[in-house]
Amino acid sequence: MSIVCLEGASAVGKTTVSKLLEERFGYLRIAEVNELFESSINESSTWYFERQIDRWKLARDESQKGGVAVLDGDPFQPVWYNWIFTNDGLQPLNEVFDFYQCRVQNGDIEFPNKYIVLKAPHSELSARKVSDPTRSRRNFVKHLQLIAPQFEYFQAMRAISLNSVEFLESDNPSNLADKIINLDKPVNKLNSLEILNAIYNFVESRT
């Protein structure tokens, strides 16, 4: 696996585990957009999408050099986020898919080799938030609402592209890092455009 991606709810441990993978196993951690880049009030409506492309390119560069990159958050996040919170005035789903379809066709982005979706009970996530004053975790309560539909989304992706998604209980970060480096490589992986089109059909059927 040359590019892996950690996903899951706020406070589930994505950043902690990705930093451990970097420190212990030499993975290159690619942080989330809001950590890597600064935006201004005059940014275009696709600024956030474009920065996801930039994150992917950092991961791809590391992979092409023979290293392993770990994405702290999904570069295709707007696909499922805008679907889940479709009533929040975000870009319409057809615009999100049009953007990603164009960029996939141009070779600017692909799906990671493996997604690792971390899971934890709501009570545990809330306790972690309280115990970590270094992170503001804005919209924490709102983002608890994405857990179930996000899980459904990645279940669909695993069915579409065999062995491309693993679900792991978020327990001890060190144990999680050990599990991740020993995961099986994906098999029968479709190309990214096929995956994107199939995901679009899935999302459309549930909108």
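Residues numbered from 1 in each chain as written. Predicted model: local features only at pLDDT ≥ 70, side-chain atom pairs only at ≥ 80, totals over all residues. Heavy atoms only, no water.

### Let's talk about the sheet that holds strand β3 (residues 69-72)
Spatially, β2-β3-β1-β4-β5 is the arrangement adopted by the 5 strands of the open sheet, whose pairing is parallel. One side of each edge strand has no neighbouring strand; the edge strands of this open sheet are β2 (28-30) and β5 (165-169). On average, each strand axis in the sheet is tilted by 25 degrees relative to the strand beside it, whichever way the strands run. Relative to β3, β2 runs parallel, the two being bridged by 3 bridges. When the sheet's bridge partners are listed, R29 is paired in β3 with V70. (Pairing = 2+ DSSP bridges. Helix = DSSP H or I, 4+ residues; strand = E, 2+ residues; numbered from the N terminus. Axes fitted to C-alpha atoms, helices over the stretch in contact; angles between N-to-C directions.)

### Details of the pairing of strand β4 (residues 114-119)
Across the 6 residues of β4, 5 count as buried, placing the element largely inside the fold. Sheet analysis places strand β1 (residues 3-8) next to β4, joined by 5 bridges and oriented parallel. Following the sheet pairing, E7 is matched in β4 by V117. Sheet topology places β4 next to β5; 5 bridges connect them, and they run parallel. Bridge assignment links K119 to a residue of β5, and that residue is E169. (Buried < 20%, exposed > 50% of the residue type's maximum accessible area, 1.4 Å probe, protein only.)

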